[in-house]
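Inside the fold
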Amino acid sequence: MPLVTSKQMLLDAQAGGYAVGAFNAENMEMVQAIIAAAEELKAPVMIQTTPSTVKYASLDLYLANVTAIAKKTSVPVCMHLDHGSSFELAMQALRTGYTSIMIDGSHSVFEENIALTKRVVDACAPSDVPVEAELGKVGGKEDDLDGGAGGYTVPEEAKEFVEKTGVGSLAVAIGTAHGVYSGVPKLDLDRLSEIRKLVSIPLVLHGASGLSDEAVQESIKRGICKVNFATELRIAYTDGVKKVLADAPDAFDPKKYGAAGRENVKQLVMNRIRVCQSNGKAK
């Protein structure tokens, strides 16, 4: 089917008590894997690209890949700009045809984050493309994104932020981090519950790669409607490629090891869809 926006799928998730899996893709094989997993489990799905990924290829190329594969599937697929780093990039993604935009002003002070986010929301409104923002700062490092030690979302500030920006969904910082965890993350779930009491829009969990299934599901119970997975998909793809090359060092056909990476990613995405409990929720 044609690409859809994230608005209705996140509202449906909020009403149904589950979360939509949002998966970062780096190449055609990963896009194929994510959509194949969603199709097999009849789940709505979001495919994401970061500024670093876009720089590697282009907005047009990633959108074309997702559009071509999504139109042959029966499940809703949304194309999302993850961690949009500037107003200009957000507008480029909007004009290219992305159906969901994140603007990440979390590295700026509160008032500047509000101003930047509202500017993007206002620009996307005529096209009815929803906008995600981040308040607080999810720590860790991934691609060109460096969240440092992070910083928790203040519930009262979250309420003010949503009211002043009109944003469609909000990524909150409750102790997760981008990249690979060095230890067991401790989530501030009570903080998440407090944010949920004050904010009515769908909430987003970044940095889910490496979290336990139980932690993800408890976060969903407390209000998370979208869960982002990136690093572990890269690891799964790379592990598949490495295995083929280890078993057959003379292999030179990219299709051989690309297929192995693709299958690894598909199996991982199916697992994460089940953890998010979005299987069977496609409409």
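Small disclaimer: the values here were computed from a predicted structure and weren't measured.

Moving on to the overall build of the protein chain. In terms of helices and strands, the protein chain carries 11 helices and 11 strands. Its C-alpha atoms give the protein chain a radius of gyration of 18 Å, within 12% of the compact-globule value 19 Å for 283 residues. Over its C-alpha atoms, taken along the principal directions, the protein chain stretches across nearly 60 × 40 × 35 Å. Burial status across the protein chain gives 53% buried among its 283 residues. For the protein chain, long-range pairs separated by at least 24 residues make up 73% of all intrachain contacts whose partners lie at least 6 apart in sequence. Carbon and sulfur atoms make up 54% of the accessible area of the protein chain, which totals about 12100 Å². Looking at the protein chain, you have 30 positive and 35 negative side-chain charges, and the mean spots of the two groups are 5 Å apart.

With that settled, the discussion passes to the pattern of salt bridges. Scanning the model with the defined rule gives 15 salt bridges in all. Note that E26 and R234 form a salt bridge whose closest N and O atoms lie 3.0 Å from each other. Of the two residues, E26 sits in the loop between β1 (20–24) and α2 (28–41) while R234 sits in helix α10 (residues 231–247), which places them 208 residues apart along the sequence. K266 is paired through a salt bridge with E40; the nearest N and O atoms lie 2.9 Å apart. On the criterion of sequence distance, the pair formed by K266 in helix α11 (residues 254–276) and E40 in helix α2 is long-range, its members being 226 residues apart.

Extensive coverage of strand β2 (residues 45–49) is indicated by the burial of 5 of its 5 residues. Burial along β2 is two-sided: the face carrying V45, I47 and T49 and the face carrying M46 and Q48 are both buried. Across 4 bridges, β1 lies against β2 in parallel orientation. If you follow F23 over to β2, its bridge partner there is I47. After leaving β1, the chain enters α2 and then returns to the sheet as β2, a path that is right-handed.

This part covers the UniProt feature "binding site: Zn(2+) 2" (unreviewed entry) in the protein chain. The UniProt record annotates "binding site: Zn(2+) 2" (unreviewed entry) at D104 and E134. Across 31 residues in sequence, these annotated residues keep their C-alpha atoms within 5.6 Å of one another, forming a single compact spot. Structurally, D104 is set in the loop between β4 (100–103) and α6 (110–124). The class of D104 is buried, set by a relative accessible area of 9%.

About the cut-offs
- Residues numbered from 1 in each chain as written.
- Predicted model: local features only at pLDDT ≥ 70, side-chain atom pairs only at ≥ 80, totals over all residues.
- Heavy atoms only, no water.
- Helix = DSSP H or I, 4+ residues; strand = E, 2+ residues; numbered from the N terminus.
- Rg over C-alpha atoms; globule rule 2.2 N^0.38 Å.
- Buried < 20%, exposed > 50% of the residue type's maximum accessible area, 1.4 Å probe, protein only.
- Contact = heavy atoms within 4.5 Å.
- Areas by Shrake-Rupley, 256 points an atom, 1.4 Å probe, with all protein chains shown as cover.
- Lys, Arg positive; Asp, Glu negative; His and termini not counted.
- Charge placed at Lys NZ, Arg CZ, Asp CG, Glu CD.
- Salt bridge = Lys/Arg side-chain N within 4 Å of Asp/Glu carboxyl O.
- Pairing = 2+ DSSP bridges.
- Right-handed = clockwise from strand over helix to strand, strands pointing away.
- UniProt positions renumbered as here; feature names shortened; annotations may be inferred.

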